[in-house]
Each structure stands twice: as C-alpha cells, then as structure tokens.
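Architecture at a glance
If you want the building blocks of each chain, they are given just below.
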Amino acid sequence: MRNIIKWSWAVVAASGLLLTTSCKENFGDINTDPSIVTVPDPKYLFTYSLDNLVSYKGTEWVWESLEQTLRFSQHLTTDPYELSTNINSRYSAYYANILPNLIEIRKQIDAKTDKERFQKMRAATYVVAVYQGLQVTDLNGSIPYTQAIQGRVEENFRPVYDSQKTLFDTWLTELTESIATLSANLENQENYGNADIFYHGDWTKWAKLANTLKLRIALRYEGQDKTKTGQIFKEVMEDAVGPIVEDADQFAYIDPDNDHVGGAVDYRSTRYATNSIITFLKSTNDPRLKIYFTPNDLTASALDTIKKYNLTLPSFIKPNDPLIRYQGGPADWTTNQAVAQYYKNPFNAGTNKYILMSAINRPFFAPRRNGATGTFHDYMVTSAETCFYIAELITKGYGTGVNTKGTAEFWYNKGITSSMKTMNAIAIAAQSTTGLTSAADQEIAAYLAQPRVKLDGTNNLERIYIQQYLSFMRQPTEAFTFVRRTGYPRNNSTYYPRDPFNELIPRRFWVDEPPLGTNNDNWLKAQQEQGFTPNDRTPQTLSTQRLWFDKNSPAFGQGN
C-alpha cells in the first residue's frame, strides 16, 4: 500500500500543473511532457485523502492525546504540561491534504460525459469530508467548509468560517444524500476498488459509516435541540442500511507498517493509570485491564522481599488484593501527593526498588517501540461506539415510536462485547498483552452477568455512559467530546467516581489568525460570533469560552 501512497503523492504534485497558464498561444501544447499526468486519477486522489486521515496522527497522539485529552478525560494521568502550539495538526491536515482532493474528485466527476457512472464514488467523498470535519470542529468550533478550497477555480481566497450549527446542518444533508446514493441500486457504477484503503469499494459499509456519523452529530446537537437529536436518531434507525453495529463494518486503518507513536509514547513523561479507571476495571474483573495497563513490580517474590525487610506498603495498596499488581493514582497529582509521589519514585526494600504504579500498556499504544514488530491498528469509528449511542438514546427516551431493533440492554451488551473483542484484536496486532482467551464468548458473558455491570434499572444511563467511556481508550477525540457533552464520570458517584481535579481544563482549542492581509476579517467575525477572545490561549479563557455544541453541557464531573 505504501507504493500506492508514494505514487499518489506524485499524482497530487502533478495536479498542481492545472494552476499554470500558457503565456503564448499553443506554447503549452508544444511543451507538454507526455509522461506527466495533468488529470490525476480520482482513485488515487481518494487514496491520498484517506491515508491523510491517519498519517498526521503521530503528532496528534504525542502532543494531544497522550499528553492532554486522555489526561483531561482521566483515562490516564501524566505530568501537566501546557497546551503546545504543536496541537491541532488535525486542522492543517484537513485543509492541506484531505479536503482538496475530495473536492477535486467531485469536480472531475461532474465534468465527465458519463458522470452518472461515478455517483457512488462521488458520494463517498462527502462521508470522508464529514468524518474529518467533525474531528476538526469538535475542538475548534467555526471553520471554513461551504466556501473552503475555492481558490483554484473560483478565486475565493477568503472563505467564511461556518458556525458549528451550519456545519452540522450541512453535513447532515450531505450524509443523508450520500446514504441514498450509496445504498441505491444504480447500474454500471465505477468503484475505487483497492484504492479505497478502508472499505475497498464496499458501498454498503460507506453508507453505514455515514449513518454512524449522523449519530455523532445527533448527540452533539442534544444540548441545543433535543427534537433534532430525536429526528436524526429516527432517520438512522429506520434507514434500510443502518449504522455500524457489526465489527466487520468498523472504520479501521489496518496497515502492517503503521505505528503512530513509537518511541515517543513516554515523551516528556510516563503515562499512568488513574485511580478511578483502575478501581472500576479491577472491581469488575474487566478483561481490558490487562490490555490498557501494565502490571507493577509487586510479584509474589517482591512481596516476600518486602515482608522479609519488615516493611509496610503504602496504605492505598491492599496486601490481599488479588490484582495488587494494578495500581492507579490521582488524575491531578496535586490532590494527593502522598500517593502521587510513587509515580516518580519506587518503593525501596533494601537494594530492591519496586515500581508501584501501573503505566499504560506501551505496546498497545506504540507497538514498534524499542524495535518491536507489532502494528498499530487504528479503529476510528467502531461498532461499540454506535451500540452505546443507541443504548444511550433509547434510555433517554428517544426510542419512543422508533424501530430501535432491540432494547437498550441489547445494545449495551452488544457494545461491551464489541469493545472487548476489538480491543483484544488491537492488542493481538500490537503483539501486546491480551485480555481474552479462546473462551472469549464465555468470558464476556460472565462479565455481562455481574451485578455491577448489567443494567438493573437504578442507574442504567450511568452504566451505559461508563462503558461508552471505557470503550474510547483508543479514540481520544471521542473520549474528550464524551466527557464534555455528558459531564461523566461524575464527581462523588457511588458507581464510578471521577478523580478530583483542580487544574483548569480547556473545553476547546483555538484557530490561529490567518496571515495579515488574507482572511482576517472572516476569522475575527467567527471568533466574535462564538464569544471567543481572539488570540487568547490562556487556560482561563479556553476553560470558560465554549463551542456551540458544548454551551449547555454540564461542567466536568457534574453530569445529570
């Protein structure tokens, strides 16, 4: 596949020739090199855009996910560094490497005399554009879209910044129209084939992805317009194709050479388990415990040595804990320094030094670290995610009068099953620690039967939320969006309490001002319309000035 990608780079570079004009009559015709591609094949333009959904993510994982967003969501903890200017690589990737080719594909198809044969190919470009557009607006708010990438053809170098509501409404229309085209019985359709590095031209799977993206938008709409949320949910559930609810349909980047993180998994600081996540995973004997986190040094031999020296372990460690090798600490280190000291310092027993805290499972996140040969399988939209969305929406009452194709409990159990199997598959590919054995179905069934796991009618929504939360360990943007829109995990919960956190948490990133003399007026207008202080990147501002979807969301830890 890498050969395809390298070739597509050349194709895209060649497409730049379309910008040039001849200075003399027929000069271009006379001096055209027949070996140069002036009209690139849409198939390889599509490959390039798809690959760039992923290729920028090394920066994102290191500077955003592992250092910031997964810390803010309390999936892990690490040293509290400031938001670096290295964040938000998603934004530049969208406008430089993803959206331009998608628009060029549509332009080429529209110019064909037999364009009706390319309608499914055209429809898929909108699904890709919306997928990445959501990633960008989720952290930035208003962005150019309806007038984006118009410089080449329409000479519009000053696109408006569409509001988040405009983006959502535009994308819902595009997704609905794309689903209709992708699922229609159209004859003699051209196909991307293997140039489609995700679904290999399977239009039904593209339609399912579009439906799950509609559910993402529905939940982002909830804080502003619950009626709209219900309308979208009904559309998705009653669509003949439906959303992604089977593991075989997940939107996953499976490249044998892929590893976003590598040796940078510990860049600037080791990442550790929080007390809240470790406590819950242990209390339910969750198979994902061993997938997500690394055991500490408290082996039987180490415990014997500690006993021999007549030493007592810190009080937060229970000597009879059968899972003593998994320990978490405060998400905000300042809230409990007596425990937090063990993030950096071992427990000493004579000349022996024992690490007490569980770090994240490094091979799971960085399968080629230190010369290892695993692969980073990137599941970007999952069946578990969709199942939990459906369970959540049914539990909130949106399922009334809708054919939900199952109860909330059905979708909840299906989501847990999918999450565990998917995370285990990721671990296998990474050559990391797995959590399931050959008896996986029985192990998952036993997990689902636990009183602490199964829906019992008392706190069903919280249980659905927590399982959704746990499933987002490898989807950091979705994890951070989840904790913002729901306010879960909840402070002082008796089920899954959020760790105390004193640090100001940003609710968004920022969009840099364009170079002077370019699109400054539209940028400034968008900042002001959103209620943002232009160019203010301070924690106080970023933690209080919210995006449109987030305006009415609970504070962190204060979910209803």
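A brief look at the structure comes next. The structure presented is a predicted model; accordingly, all values stated were derived computationally and were not measured. Here the residue numbers are simple positions, counted from 1 along each chain's written sequence. The predicted origin of the model limits local features to residues at a pLDDT of at least 70 and limits the giving and counting of side-chain atom pairs to 80 or more, whereas totals for whole chains, interfaces and linings rest on all residues. Side-chain metrics in this entry use all non-hydrogen atoms of the structure; hydrogen atoms and water are not considered.

**Some points on the overall build of the protein**
Looking only at helices and strands, the protein has 22 helices and four strands in total. To get the radius of gyration, use the C-alpha atoms; to get the globule rule, take the number of residues to the power 0.38 and multiply by 2.2 Å. By the compact-globule yardstick of 24 Å for 560 residues, the protein fits well, its C-alpha radius of gyration being 25 Å. When its C-alpha atoms are laid out on the principal axes, the protein stretches across 95 × 55 × 50 Å. Put simply, the protein has 560 residues, and 57% of those count as buried. Working rule for contacts: check all heavy atoms of both residues, and any pair within 4.5 Å makes them a contact. Considering only intrachain contacts with a sequence separation of at least 6, the fraction spanning at least 24 residues in the protein is 78%. Here the Shrake-Rupley method, with its probe set to 1.4 Å, supplies the accessible areas, and only the displayed protein chains count as covering residues. When the accessible surface of the protein is split by element, carbon and sulfur atoms take 50% of a total near 22900 Å². In this tally Asp and Glu are treated as negative and Lys and Arg as positive; neither His nor the chain ends contributes. Each charge is placed at NZ for Lys, CZ for Arg, CG for Asp and CD for Glu. Side chains of the protein carry 57 positive and 59 negative charges; the gap between the two charge centres is 6 Å. Numbered from the N terminus, helices here are DSSP runs of H or I no shorter than four residues, and strands are runs of E no shorter than two. When a residue's accessible area, from a 1.4 Å probe over protein chains only, is under 20% of the maximum for its type it is buried; when over 50% it is exposed; and in between it is partly exposed.

**Concerning the side chain of Asp138**
Tracing the chain through its elements places Asp138 in helix H6 (residues 119-140). On the accessibility criterion, Asp138 (0% relative accessible area) is buried. Contact partners of Asp138, with chain neighbours within four places excluded, come to Gln164, Arg220, Thr477, Glu478, Thr481, Arg484, Leu547 and Phe549.

**Observations concerning the packing of helix H3 (residues 42-51) against H6**
Contact geometry of H3 with H6 gives a least axis separation of 12 Å together with a crossing angle of 15 degrees. It follows from the interaxial angle that H3 and H6 lie roughly parallel. Here H3 runs over H6; the crossing is left-handed. For the pair formed by H3 and H6, the contact residues are Pro42, Lys43, Phe46 and Leu50 on the first element and Met121, Ala124, Thr125 and Val128 on the second. Here the residues of the contact of H3 with H6 are counted per class, giving six nonpolar, one polar and one charged. Axis lines are fitted to C-alpha atoms, over the contacting stretch for helices. Their N-to-C directions set the angle, which ranges from 0 to 180 degrees. Relative orientations are named as follows: roughly parallel for angles under 35 degrees, roughly antiparallel for angles over 145 degrees, roughly perpendicular for angles from 65 to 115 degrees, and oblique for any other angle. We call a crossing left-handed when the near helix sits turned anticlockwise from the far one by less than a right angle, and right-handed when that turn is clockwise. We call Asp, Glu, Lys and Arg charged. Ala, Val, Leu, Ile, Met, Phe, Trp, Tyr, Cys and Pro are nonpolar, and the rest, Gly among them, are polar.

**Looking at helix H5 (residues 89-110)**
Under the 1.5 Å per step criterion, the end-to-end length of H5 is 31 Å for 22 residues, consistent within 8% with the ideal 32 Å. Remark: the principal bend of H5, roughly 40 degrees, maps to Leu99, with a proline, Pro100, within the next four residues. One fewer than the residue count of a helix, multiplied by 1.5 Å, yields its expected span. Bending is quantified residue by residue as the angle between axes fitted to the seven-residue window ending at that residue and the seven-residue window starting at it.

**Quick look at the packing of helix H19 (residues 460-471) against helix H20 (residues 476-486)**
When two helices pack together, their arrangement is given by the angle between the helix axes and by the axis-to-axis distance. Contact pair H19 / H20: the axes reach a minimum separation of 9 Å and the direction vectors enclose 155 degrees. Regarding the angle of H19 to H20, the classification is roughly antiparallel. Regarding H19 and H20, the two cross each other, and that crossing is left-handed. Listed contacts from H20 to Tyr465, Gln468 and Tyr469 of H19 are Phe482, Val483, Arg485 and Thr486. Here the contact of H19 with H20 is built from residues that sort into four nonpolar, two polar and one charged.

**Digging into the side chain of Asp51**
Position of Asp51 among the secondary structure elements: in helix H3. Polar contacts here mean pairs of N or O atoms no more than 3.5 Å apart (in protein, one a potential hydrogen donor and the other a potential acceptor; neighbouring residues in sequence count only if both atoms are side-chain atoms). Polar side-chain contacts of Asp51 include one of 2.7 Å to the side chain of Tyr253.

**A few points about helix H4 (residues 57-72)**
With 16 residues, H4 extends only 19 Å from end C-alpha to end C-alpha; this falls clearly short of the ideal 22 Å at 1.5 Å per step. At Ser65, H4 shows its maximal bend, which comes to roughly 55 degrees. The element H4 is extensively covered by neighbouring structure, given that 15 of its 16 residues are classed as buried.

**As for the packing of aromatic side chains**
Paired rings are identified among Phe, Tyr and Trp, the last through its six-membered ring, by centres lying within 6.5 Å, and are further divided according to the angle between planes into stacked (under 30 degrees), edge-to-face (over 60) and tilted (the rest). Taken as a whole and judged by the stated rule, the model has 35 aromatic pairs. Taken together, a centroid distance of 6.5 Å and an interplanar angle of 50 degrees make the contact between Phe168 and Trp171 tilted. Remark: Trp171 and Phe168 occur in helix H8 (residues 164-183); sequence separation between them is three residues, near one turn of the helix. Aromatic pair Tyr199 and Trp206: ring centres 5.3 Å apart, planes at 90 degrees, arrangement edge-to-face. Pair check on accessibility: Tyr199 and Trp206 agree, each one buried. One aromatic cluster is present, formed by Phe46, Tyr131, Tyr192, Phe198, Tyr199, Trp203, Trp206, Phe251 and Tyr253 through successive ring pairs. To sit over a ring, a charge needs its Lys NZ or Arg CZ within 6 Å of the ring centre and within 35 degrees of the ring normal. Across from the ring centre of Phe556, 4.3 Å away, lies the NZ or CZ of Arg507, which sits over that ring.

**Comments concerning the nonpolar core**
Ranked by size, the top nonpolar core spans 144 residues in total, and within it Leu53, Tyr94, Phe198, Trp206, Phe251 and Phe293 carry the most contacts. The element contributing the most residues to this core is H6, with 12 residues. Residues in contact with Phe293, not counting those within four places in the same chain, are His75, Ala273, Ile277, Ile278, Leu281, Tyr326, Ser358, Ala359, Ile360, Asn361 and Met473. We call a set of buried residues a nonpolar core when its members are Ala, Val, Leu, Ile, Met, Phe, Trp, Tyr or Cys and they connect through side-chain atoms within 4.5 Å of each other. Counting residues in hydrophobic clusters, the runner-up holds 18 residues, among them Leu298, Ile317, Ala340 and Tyr342.

**Thoughts on the environment of Asp499**
Of note, Asp499 is situated in the loop between H20 and helix H21 (520-529). For Asp499 and Leu323, which are 176 residues apart along the polypeptide, the C-alpha to C-alpha distance reads 20 Å. In this view, Asp499 contacts Gln74, Thr274, Asn275, Ser276, Gly329, Pro330 and Ala331; residues no more than four positions away in its chain are not counted. Only 3.3 Å separates the side chain of Asp499 from the backbone nitrogen of Ser276, close enough to count as a polar contact. Separated by 3.2 Å, the side chain of Asp499 and the backbone nitrogen of Ala331 make a polar contact.

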